[in-house]
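Coordinate inspection notes
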Amino acid sequence: YDMYNLMMRFIIDSRKTLLCDADIQEKFINQIVSQTGADKTIIFKNEDLVFQDYNFTIYTNYSFFLQQVTDTVMYATTNDQIRNVAIASASKKKADEYVIALNKAIYDTREKNKDFNRNIMKITQEGISYYVNGVENKRYATGDETNALIQDIDSAIIKFKVNVLIYSPTIKTGISINIKH
C-alpha cells in the first residue's frame, strides 16, 4: 500500500507523467484520472491491430505444451505438412529444456528415418545455437556476429531452414520476425 501511495504522490506532483504499456487497464486509468483530475489527463489510444489475424495459444501445463510442440514439429508426413514453431520463453532455463526435449525426439526419429530433417535455432543471452537433426551444429557467441544475425533474423531463419525458433528475452523490442513461422 505504501508503494501505491508513493507512486500516486509522484504522479500528482510531477509536471508531466507518461504511462506507456500495451495493456493499461481501464480501472488503473480511472484511478489516475480521479487523482490528477480529468482536465490534466490526455489519453492516446493505440488503434493499431497488427496482430489481429494471428492465433495465439497459451498453455499453462508444461507437459501438455511440450507434447503439443513435439507433435507439431515431428509428425508431418511430407515436407509440405511441416509446421514451423516459434516459442517465446520467459527464461533461458526453460528454453534449454525445450531444446533438450525436442532434440531428443528429433534425434530418435532421425535414427529410424534418415530422410527426417528438423532444425532448431535457440537465441538466449549466451548467443545463438543452431541444431540440425538433434545435434548442435553451430554456436554464435554473444557479440557482433550474434547481433548481426538477430538484426536480420528473417534471413537467418531462411538461411538455416529453421523449423523451431526458441528465444528468451534476448529478443527485445525493435526486433521483428516478419516471415511466417
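Right, let's walk through the structure included here. (Residues numbered from 1 in each chain as written. Predicted model: local features only at pLDDT ≥ 70, side-chain atom pairs only at ≥ 80, totals over all residues. Heavy atoms only, no water.)

Points about the pairing of strand β1 (residues 85–88)
To keep it simple, the criterion reads: Exposure classes here rest on a 1.4 Å probe applied to the protein chains alone. A residue is buried below 20% of its type maximum, exposed above 50%, and partly exposed in between. Only DSSP runs of H or I covering at least 4 residues are called helices, and only runs of E covering at least 2 are called strands; the numbering of each starts at the N terminus. Any two strands with at least two DSSP-identified bridges between them are counted as paired.
The alternating pattern of β1 places Val-85 and Ile-87 on a buried face, while none of Ala-86 and Ala-88, on the opposite face, is buried. Here four bridges tie β1 to strand β5 (residues 164–167), and the two strands are oriented parallel to one another. Bridging from a neighbouring strand, Ala-88 pairs with Tyr-167 of β5.

So, the packing of aromatic side chains
Rules: Centre distance within 6.5 Å is the pairing criterion for rings of Phe, Tyr and Trp, where only the six-membered ring of Trp is used; planes under 30 degrees apart are then read as stacked, over 60 as edge-to-face, and the remainder as tilted. Geometrically, a lysine NZ or arginine CZ counts as sitting over a ring once it is within 6 Å of the ring centre and also within 35 degrees of the ring normal.
Summed over all chains, the structure comprises five aromatic pairs. Centroid distance Phe-65 to Tyr-98: 5.3 Å. Interplanar angle 65°. Geometry classified as edge-to-face. With Phe-65 in helix α3 (residues 62–74) and Tyr-98 in helix α4 (residues 92–112), the pair connects residues that are 33 residues apart, well separated along the chain. Across this residue pair, the class does not change: Phe-65 and Tyr-98 are buried. Joined through ring pairs, the aromatic side chains of Tyr-59, Tyr-62, Phe-64, Phe-65 and Tyr-98 make up one cluster. The ring of Tyr-62 has Lys-94 lying over it, and the distance from NZ or CZ to the ring centre is 4.0 Å.

A few points about the packing of helix α1 (residues 2–13) against helix α2 (residues 26–36)
Between two packed helices, both the angle of their axes relative to each other and the distance between the axes serve to describe the pair. Selection criterion: Lines are fitted to the C-alpha atoms to define the axes, a helix being fitted only along its stretch in contact, and any angle between axes, read from their N-to-C directions, falls within 0 to 180 degrees. Any angle from 65 to 115 degrees is called roughly perpendicular, while one under 35 is roughly parallel, one over 145 is roughly antiparallel, and all others are oblique. When the near helix sits turned anticlockwise from the far one by under a right angle, the crossing is termed left-handed; a clockwise turn instead gives a right-handed crossing. For this analysis, residues touch if any pair of their heavy atoms sits within 4.5 Å. Under the scheme applied here, ten amino acids are nonpolar (Ala, Val, Leu, Ile, Met, Phe, Trp, Tyr, Cys and Pro), four are charged (Asp, Glu, Lys and Arg), and all others, including Gly, are polar.
For the pair α1 and α2, the least separation of the axes is 10 Å and the interaxial angle reads 60°. Considering the angle they form, α1 stands oblique to α2. Note on packing geometry: the crossing formed by α1 with α2 is right-handed. Judged by residue contacts, Tyr-4, Met-7, Met-8, Ile-11 and Ile-12 of α1 engage Phe-28, Gln-31, Ile-32, Gln-35 and Thr-36 from α2. The residue makeup of the contact of α1 with α2, split by class, is seven nonpolar, three polar and no charged.

So, the nonpolar core
The tendency in soluble globular proteins is for nonpolar side chains to be buried as a group. Heads up, the rule is: Buried Ala, Val, Leu, Ile, Met, Phe, Trp, Tyr and Cys residues that are joined via side-chain atoms within 4.5 Å together make up what is termed a nonpolar core.
Judged by nonpolar contacts, the single largest core of 17 residues is most densely connected at Val-69, Ile-87, Ile-120, Val-164 and Ile-166. Only α3, β1, α4 and β5 provide two or more residues apiece to this core. The contact partners of Ile-87, leaving out residues within four places of it in the chain, are Phe-65, Val-69, Tyr-98, Val-164, Leu-165, Ile-166 and Tyr-167. Of all hydrophobic cores here, the second largest spans 14 residues; its members include Tyr-130, Leu-149, Ile-153 and Tyr-167.

Details of the side chain of Ser-168
Tracing the backbone through its elements, the reader meets Ser-168 in the segment after β5. Taking the relative accessible area as the measure of exposure, Ser-168 reaches 2% and is therefore buried. The residues touching Ser-168, leaving out its near neighbours within four places in the chain, are Ser-89, Ser-91, Lys-92, Ile-123, Thr-124 and Gln-125.

A closer look at empty space enclosed by the protein
This is how the line gets drawn: Note on definitions: the grid is 1 Å and covers protein atoms alone; a cavity is a set of points where a 1.4 Å probe fits but cannot get out; a pocket is an open set with protein on both sides within 12 Å along at least five of seven lines; lining residues have an atom within 4 Å of a point. Grid points are joined across faces, edges and corners, and a volume is the space filled by probe spheres set on the points.
By the definition in use, this model includes one cavity of 30 Å³ or more. Here the largest cavity defines a volume of roughly 40 Å³. Elements that contribute at least two residues to the lining of the largest cavity include exactly β2 (119–124), β3 (127–132) and β4 (135–141). Ranked by the residues each element gives to the lining of the largest cavity, the list is headed by β3, at three residues.

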